Amino acid sequence: MLRIQGSKHTCQNQPELNSSGHQPPLPTTCAWWTPLFEFPVVFPDAKCLTQALRFGTCRSTSVIVSAVVCLLFPPFDAADAADRTNFVIIMVDDMGYGDAGCYGGTAFPTPNIDRLAVEGMRFTDFHSSGCVCSPTRAGLLTGRYQQRAGIPGVVYAAFNRNRHHGLQLQETTFAEVLNDAGYATAAFGKWHVGYEEQYNPIHQGFDRYVGYVSGNVDFHTHIDGAGVFDWWHQNNLTKESGYTTHLITKHACDFISRQHDKPFCVYIAHEAPHDPYQGPHDKPVRRLGEPKQLYDHHEPEHAKRAYAEMMIEMDKGVGEVLDTLKRTGVDNRTFVMFFSDNGATGPGSCGDLYGMKGTLWEGGHRVPAIARCPGRIKAASVTDQLALTIDVMPTVLDFAEVSSTATLKLDGISLVPVLTDDKTIAGRQLFWQYGDAVSVRDGKWKLIINGGKKLKQTAFAIPNINWKCPDDNRHELALFDMATDRSEQTNLIHRFPDRVATMREAIAQWQRDVSANATTQPEKSQ
């Protein structure tokens, strides 16, 4: 693999999408979709080289390379492509642990998510690395704790907050690594790790991008919470009619259909069931230039009905993706991973877990997760392996047989032994932090500090939780045995003071580690 060192870059002149929303056919002389260059091209590093070879040009003045592309990157033949694992990573937004039928949900049907569980492995102790949107996405993309990337909290849409923050280009994403290994890569849907063009997915290893870069958009008008239009094709704002969930599914299926004869990775980041609560036939809730909502989509009866419709449409989209894999003949060599970015809020359900999105109680980050790869992952299997979304990247790279995980110094670990050999990975500690709240899992034990006050019982609260609080300081410091008390009802700090002290020290060490050399964010818009 050619490596050219230098400073980071900004790649431009991506191919335009035509009026139908499709990318024009690209040359197929090489598996890298490259035209045949026979003239000097300027590249500062391998990342820019990859973009330029695929799409034409990259702005730079560092190194001159004269190359014939197909000599640099020999094409994959059909046999090679047939041996390589494809990847479909599906992350949904604010779906609770108890929403899907395969996790005990009964409020609405989820036949295709349930189908994934029937055909793959269902996790019962899988967690998002954050309890809100942006942090989890930064961790997922880099395979490291999001604190290292300088994204410990939400990147907000409001112009008077941190809208100018994002995933800095010095970070390495799983898409970049797979890109270097010859994979076609695409992202469709929610980005939320950078609003400004410099943070666009096409600069982070994704060949194709269609979606929105904010935390949420009106499902029909595609306007974000600040009243800004937010629907992108590559790095261009583009008007495209349609319900967000349907558009994300359509573009993902189109990409798979075009790339099925080459190794590919597609990251599908659904908006559903995040608010605004809008079904496919609801009216728009936002107008361009006006951050104020046009009606109260949080009204309990409306939200309950719309949430169900949103889940149903998203579930249909999962089914369409699975059907596309089967129709194109790549089903048996495609690894599919489905999970949520954090726990539920509003009308969603976290099952028997306490807490919800935005908290470090189990309901805030224990999420549904299912992995499927026919012939490699046993069908209808269930695991209680403790795992985190930062494990997705090393797992994908392991399946792809890419050997760069050690040099990247990932915090996550490969779950391939769990998925393919039904093994258990023990002896690891996992950490969460959001604001002043921080927690650690060490095997079956969970310590949580500054977890927050007891949640109020409202129309949106999680049902069937009967708290038994043995002391008044329960929400300042608590220890739980997750093997017998995943609802976090019995505080054990007084019974195991030595364990509490040990776990508190582990938290302090982790905080020092992730803050050392953490990526800094710009003080203002660049």
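Summary of the structure given here. (Residues numbered from 1 in each chain as written. Predicted model: local features only at pLDDT ≥ 70, side-chain atom pairs only at ≥ 80, totals over all residues. Heavy atoms only, no water.)

### Description of the overall build of the chain
Move 1: Along its length, the chain carries 13 helices and 18 strands.
Move 2: The buried share among the 526 residues of the chain stands at 61%.
Move 3: Across the chain, the fraction of contacts at a sequence separation of at least 24, relative to all contacts at a separation of at least 6, is 71%.
Move 4: Carbon and sulfur atoms provide 51% of the accessible area of the chain, an area that totals close to 20500 Å². (Helix = DSSP H or I, 4+ residues; strand = E, 2+ residues; numbered from the N terminus. Buried < 20%, exposed > 50% of the residue type's maximum accessible area, 1.4 Å probe, protein only. Contact = heavy atoms within 4.5 Å. Areas by Shrake-Rupley, 256 points an atom, 1.4 Å probe, with all protein chains shown as cover.)

### Here's the deal with the nonpolar core
Move 1: Grouped together as the largest cluster of nonpolar side chains are 54 residues, with contacts concentrated most on F174, L178, Y267 and F335.
Move 2: Ranked by residues supplied to this core, first place goes to helix α10 (residues 392-399) with five residues.
Move 3: Excluding residues within four positions of it along the chain, F335 makes contact with T85, N86, F87, V88, A371, R372, C373, I377, T395, V396, F399 and L419.
Move 4: The next biggest cluster of nonpolar side chains, apart from the first, holds 51 residues, and it includes V92, Y103, W231 and Y277. (Core = buried A, V, L, I, M, F, W, Y, C linked by side-chain atoms within 4.5 Å.)

### Comments concerning the pairing of strand β7 (residues 208-212)
Move 1: Among the five residues that make up β7, five are buried, leaving the element largely enclosed by the rest of the structure.
Move 2: Judged by which residues are buried, β7 turns out to be covered on both faces: R208, V210 and Y212 on one side and Y209 and G211 on the other are all buried.
Move 3: Of the strand pairs in this sheet, β7 and strand β8 (residues 232-233) are connected by two bridges, and their pairing is antiparallel. By the bridge assignment, G211 is partnered in β8 with W232. (Pairing = 2+ DSSP bridges.)

### A closer look at the packing of aromatic side chains
Move 1: Tallied over the full model, the rule gives 20 aromatic pairs.
Move 2: Seen from their ring centres, W191 and F206 are 6.0 Å apart, and the 90° between their planes marks the pair as edge-to-face. Residue W191 is found in the loop between β6 (184-190) and β7, and its partner F206 is found in the loop between β6 and β7; the two are separated by 15 residues along the sequence. Here W191 and F206 have matching classes, each one buried.
Move 3: Put simply, the rings of F87, Y183, F335 and F399 touch in pairs and so form one group of aromatic residues.
Move 4: Here the basic side chain of R122 rests over the ring of Y103, its NZ or CZ set 4.9 Å away from the ring centre.
Move 5: In this arrangement the basic side chain of R161 is found over the ring face of Y156, its NZ or CZ atom lying 3.6 Å from the centre. (Phe/Tyr/Trp six-rings, centres within 6.5 Å; stacked < 30°, edge-to-face > 60°. Lys NZ or Arg CZ within 6 Å of the ring centre and 35° of its normal.)

### Side note on the environment of M121
Move 1: Positionally, M121 belongs in strand β4 (residues 121-123).
Move 2: The spatial distance from the C-alpha of M121 to the C-alpha of D422 is 9.8 Å, given a sequence separation of 301 residues.
Move 3: Excluding its chain neighbours within four sequence positions, the residues that come into contact with M121 are A369, I370, A371, I377, K378, S381, T383, V418 and L419.

### Considering the sheet that holds strand β9 (residues 236-237)
Move 1: Strand order in the open sheet formed by 10 strands is β9-β8-β7-β6-β10-β3-β11-β12-β4-β13, with mixed pairing between adjacent strands. A single partner strand is all that each edge strand has here, and the edge strands are β9 and β13 (381-383).
Move 2: Contacting β4, β11 (334-340) and β12 (369-372), helix α4 (residues 111-119) crosses the sheet at an angle of about 55° to β12. (Axes fitted to C-alpha atoms, helices over the stretch in contact; angles between N-to-C directions.)

### Side note on the pairing of strand β3 (residues 86-92)
Move 1: In terms of burial, β3 is largely enclosed, as seven of its seven residues are buried.
Move 2: Of the two faces of β3, the one lined by N86, V88, I90 and V92 and the one lined by F87, I89 and M91 are each fully buried.
Move 3: Pairing geometry for β3 and β11, over seven bridges, is parallel. By the bridge assignment for β11, V88 is matched with V336.

### Thoughts on the packing of α4 against helix α8 (residues 300-327)
Move 1: Contact geometry for α4 and α8: axes closest at 7 Å, N-to-C directions at 50°. With respect to α8, the element α4 is oriented oblique. In contact with P111, N112, I113, R115 and L116 of α4, α8 contributes M314, D315, K316, V318, G319, L322, D323 and K326.
Move 2: Its residues assigned to classes, the contact of α4 with α8 shows six nonpolar, two polar and five charged. (Parallel < 35°, antiparallel > 145°, perpendicular 65-115°, else oblique. Nonpolar A, V, L, I, M, F, W, Y, C, P; charged D, E, K, R; others polar.)

In short, the description is geometric, and any link to function would need to be established separately.
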